[in-house]
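Here is what each chain is made of, one letter per residue.
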Amino acid sequence: MAEAGDTTGQGGIASWRARLDERMASAGTWPGRSPWIREAVTALPRDRFAPSRLWDWDGHAWQPVDRDSSPDRWAGLLYADQHAPAVTQITANLPTSSLSAQALVVDMLDSLQPEPGNQVLELGTGMSAWNAALLTWRTGPKTVTTVEADPRLSAAATVRLEHLGLHVTAVTGDGNAGCEAGAPYDRVVATYAVERVPWAWIAQCRPGGRLVVPWGRLGHVALTVADDHTHAQGWFQGLAQFMPDRTAPSHPHRAYAEVRGHREPDGERPLRRDLTPLGADWGLRFHLRVALPEVELTTAADGDGTSAWIHDGRSWASLSTKAHGVFAHQGGPRRLADELESAWDQWSVLGSPSVYDYGMTVTADGQWVWALDAETGPRWRTTP
């Protein structure tokens, strides 16, 4: 039987929930060490936290999908794919807030390892406040403080939390500053990506406390605060793309064609390697993100194989797979094709590590990513 007010069709919203739950069980997405997460998601399903309007990309522009007029399509945006976020806000034709993919929310909560009674700081409430609600289900009333920079999103989240009778402290402010009023915290979790982990988050977390932070819009890391509070350190937990920090300076994206313009390459040289891993191996992609943080990489495949285009805003390179071989063209101050090959060779020498073989160390003065071992492995300073 459909729930009261449910107009999503046969079986209603409960059927959508059940199908996704079963798919996640079949895929092994529900974490065995954290059975509470599945129980919390069942008790507080994401449709109860989604706004009545979601947004869907039609290939040309973002289109509104309203629950009242398109209930089944609206439910599909929430439950059809465990790895798909539901976009909840569009600004200047760009997504600026979303309800994170259910599988990603589950993975990050498992990485955070909150315990009953823990004091938790969440950065990035969003419009839905679903993550804050799930945390409260685990840690208890009045244990979660959540910070949102956008006053409209914060107000909507506060109303939703109060309507559901969830005792969460919702604050409007700069998440990068944390929330000193509720410190110290046992757990800190961010739902937006930062290039540099704010020291305030670590300073406001207890020694031995745990932080889960999306870094570089590509992966999230779990850090443990040292007993002497001089640093936090830990391993990357997985790959996912996140909304960027709202308060960071905005740098306009430049496409490869814009960077290259009509400039001719400085020359052509053959490459004696298959480019397929550039598009298919996320361990390699993550390593290149760490080793060449300023470089944007795009790949595509056709009948001849994989080709790639890279740039740093000034220099550029193309790696083209043709029927008669693979060739590199490049121009600008940096030799980006050469740098990419060198970083790729380093990754191979390291044994082709996956994202789980990398970690991060953060101090008050700096931070770096390392591979394989925090003390003896190679390390790379992260960009400010």
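Predicted model, so just to flag it, every value in this text is computed and none were measured.

Participant: What exactly am I supposed to notice about the pairing of strand β9 (residues 205-215) here?
Facilitator: Every regular strand shows the same layout, with side chains that alternate between the two sheet faces. A large share of β9 lies buried, amounting to eight of its 11 residues. Here four bridges tie strand β8 (residues 185-190) to β9, and the two strands are oriented parallel to one another. Directly across from Arg187, in β9, lies its bridge partner Arg210. Taking the residues between adjacent antiparallel strands as the criterion, β9 and strand β10 (residues 219-225) are bridged by three residues, where Gly216 takes a positive phi near 65 degrees.

Participant: When you look at the pairing of strand β1 (residues 53-57) in this model, what are you seeing that I'm missing?
Facilitator: Two strands pair when backbone bridges link them, and β1 and strand β2 (residues 62-66) are joined in this way by five bridges, in the antiparallel orientation. Note on β2: the bridge partner recorded for Asp56 is Gln63. Between the antiparallel neighbours β1 and β2 lie four residues, among them Gly59 with a positive phi of about 100 degrees.

Participant: Help me understand the sheet that holds strand β15 (residues 316-322), please; the structure alone is not making it clear to me.
Facilitator: Consider a sheet: its strands pair through backbone hydrogen bonds, and that pairing is either parallel or antiparallel. Judged by pairing direction, the sheet is antiparallel, and its five strands sit side by side in the order β12-β16-β15-β14-β13 without closing on themselves. Two strands close off the open sheet at either side, each with one partner strand: β12 (268-271) and β13 (296-302). When strand polarity is set aside, the average angle formed by the axes of neighbouring strands in this sheet is 20 degrees. Bridge analysis of β15 against strand β16 (residues 325-331) gives seven bridges, and the strand direction is antiparallel. By the bridge assignment for β16, Leu319 is matched with Ala328.

Participant: What is the right way to look at the side chain of His287 in this model?
Facilitator: Position of His287 relative to the elements: it lies in helix α10 (residues 282-291). For His287, the side chain forms a polar contact with the side chain of Tyr358, separated by 2.8 Å. Each residue touching His287, except ones within four places of it in the same chain, is listed here: Ala343, Gln346, Trp347, Leu350, Tyr358 and Trp380.

Participant: Honestly, the nonpolar core in this entry has me stumped. Any pointers?
Facilitator: General note: in soluble globular proteins, nonpolar side chains tend to be found buried as a group. Val197, Trp201, Leu211, Phe236, Leu278, Leu319 and Met360 are the most contacted members of the largest nonpolar core, which totals 51 residues. Sort the elements by how many residues they give to this core and helix α11 (residues 336-349) lands first, with six residues. The contact partners of Leu278, leaving out residues within four places of it in the chain, are Leu284, Arg285, Leu288, Leu297, Thr299, Ala308, Leu319, Leu340 and Trp344.

Participant: What exactly am I supposed to notice about α11 here?
Facilitator: If you check α11, its first and last C-alpha atoms are 20 Å apart, about what 14 residues at 1.5 Å a residue would give, namely 20 Å. For α11, the full list of buried residues reads Leu336, Ala337, Leu340, Glu341, Ala343, Trp344 and Trp347. All buried residues of α11 lie within an arc of 165 degrees about the axis, which places them on one face of the element.

Participant: Explanation requested: the pattern of salt bridges in the structure shown.
Facilitator: Where side chains of opposite charge bring their charged atoms close, a pairing between them can arise. Inspection of the entire model under this criterion finds 18 salt bridges. Its salt-bridge partner being Arg53, residue Asp66 comes within 2.7 Å of it at the nearest N-O pair. Pair noted here: Asp66 is in strand β2 and Arg53 is in strand β1, with a separation of 13 residues, a long-range link.

Participant: Just to check I follow, could you spell out the packing of helix α2 (residues 35-43) against helix α5 (residues 130-139) for this structure?
Facilitator: Between α2 and α5, whose axes approach to 10 Å, the crossing angle comes to 120 degrees. When the axis of α2 is compared with that of α5, the two are oblique. Along this stretch, α2 crosses α5, giving a crossing that reads as right-handed. Taking contact as the criterion, the partners of Trp36, Glu39, Ala40, Val41 and Ala43 in α2 are, on α5, Trp130, Leu134, Trp137 and Arg138.

Procedures and definitions
- Residues numbered from 1 in each chain as written.
- Predicted model: local features only at pLDDT ≥ 70, side-chain atom pairs only at ≥ 80, totals over all residues.
- Heavy atoms only, no water.
- Buried < 20%, exposed > 50% of the residue type's maximum accessible area, 1.4 Å probe, protein only.
- Helix = DSSP H or I, 4+ residues; strand = E, 2+ residues; numbered from the N terminus.
- Pairing = 2+ DSSP bridges.
- Axes fitted to C-alpha atoms, helices over the stretch in contact; angles between N-to-C directions.
- Polar contact = N/O pair within 3.5 Å; in protein donor to acceptor, adjacent residues only side chain to side chain.
- Contact = heavy atoms within 4.5 Å.
- Core = buried A, V, L, I, M, F, W, Y, C linked by side-chain atoms within 4.5 Å.
- Expected span 1.5 Å × (residues − 1).
- Arc of directions from axis to C-beta.
- Salt bridge = Lys/Arg side-chain N within 4 Å of Asp/Glu carboxyl O.
- Parallel < 35°, antiparallel > 145°, perpendicular 65-115°, else oblique.
- Left-handed = near helix turned anticlockwise from the far one by under 90°.

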